[in-house]
Amino acid sequence: MKRIIAIIAVISCAFVLCSCAKLLNEEYSTVSVIVVDSHHTPPRVVPIVAGKVRTFITYPARYLIDVEYNGIKYSIGGRDTYSRYKDKIGETANAKLRTRTYDDGNIKYDIISLD
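Residues numbered from 1 in each chain as written. Predicted model: local features only at pLDDT ≥ 70, side-chain atom pairs only at ≥ 80, totals over all residues. Heavy atoms only, no water.

K.L.:
Can you lay out the pairing of strand E4 (residues 62-69) for me, pointing to particular residues and giving the numbers?
P.N.:
Of all 8 residues in E4, 6 are buried, a share of seventy percent or more. Two elements, strand E1 (residues 23-41) and E4, share 7 bridges in a ladder whose sense is antiparallel. Within E4, the position partnered with Thr 41 by the bridge is Arg 62. Bridge analysis of E4 against strand E5 (residues 72-77) gives 6 bridges, and the strand direction is antiparallel. In the sheet register, Tyr 69 faces E5, and the bridge partner there is Ile 72. (Buried < 20%, exposed > 50% of the residue type's maximum accessible area, 1.4 Å probe, protein only. Helix = DSSP H or I, 4+ residues; strand = E, 2+ residues; numbered from the N terminus. Pairing = 2+ DSSP bridges.)

So this is what it looks like as structure tokens:
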């Protein structure tokens, strides 16, 4: 029984390791995006009661700017980015595009920052 489990474990590990796509190329370029929306969630403290003990969980503030590139919506986080672009909804901005090419033919695009 142990031998069967070991064989199954080895086969599943080999399948998982062989099926991962390998990154071939990573390029960065500057593109124009449209600022679509901005979101701000203030920090908050939530009390949690477990029996006779009260614990406070602190959630940090969130600052997000939503941009659109080629019909796909991307969210960029950060307080500095939020304060710079929160009033520019509907305007065009420059952003850094990361293009990743994999050995299985997939190409992935990500907007990683606003300039």
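From this point, the discussion proceeds with the structure in view.
K.L.:
Could you give an account of the nonpolar core, with specific residues and numbers?
P.N.:
Ranked by internal contacts, the top residues of the largest apolar core, which has 16 residues, are Val 33, Ile 65, Val 67, Tyr 69, Ile 111 and Leu 114. Those elements giving two or more residues to this core turn out to be E1, E4, E5, helix H2 (79-85), strand E6 (92-102) and strand E7 (107-114). The contact partners of Ile 65, leaving out residues within four places of it in the chain, are Val 35, Asp 37, Ser 38, Tyr 74, Ser 75, Ile 76, Thr 81, Tyr 82, Tyr 85, Lys 86 and Leu 114. (Core = buried A, V, L, I, M, F, W, Y, C linked by side-chain atoms within 4.5 Å. Contact = heavy atoms within 4.5 Å.)

K.L.:
So what's going on with a nonpolar patch on the surface? Which residues, and what values?
P.N.:
On the surface, Ile 48, Ile 57 and Tyr 59 cluster together into a nonpolar patch covering about 240 Å² of accessible area. Assessed through its relative accessible area of 38%, Ile 48 is described here as partly exposed. (Patch = residues over 30% accessible without salt bridge, like charges linked within 9 Å, V, L, I, M, F, W, Y side chains within 5 Å. Areas by Shrake-Rupley, 256 points an atom, 1.4 Å probe, with all protein chains shown as cover. Salt bridge = Lys/Arg side-chain N within 4 Å of Asp/Glu carboxyl O.)

K.L.:
Account for the environment of Ile 76, naming residues and giving values.
P.N.:
One can find Ile 76 in strand E5. When its relative accessible area of 6% is taken as the criterion, Ile 76 is described as buried. Counting along the chain gives 20 residues from Ile 76 to Phe 56, while the straight-line C-alpha distance between them is 29 Å. The contact partners of Ile 76, leaving out residues within four places of it in the chain, are Tyr 63, Leu 64, Ile 65, Val 67, Thr 81, Ile 111, Ile 112, Ser 113 and Leu 114.

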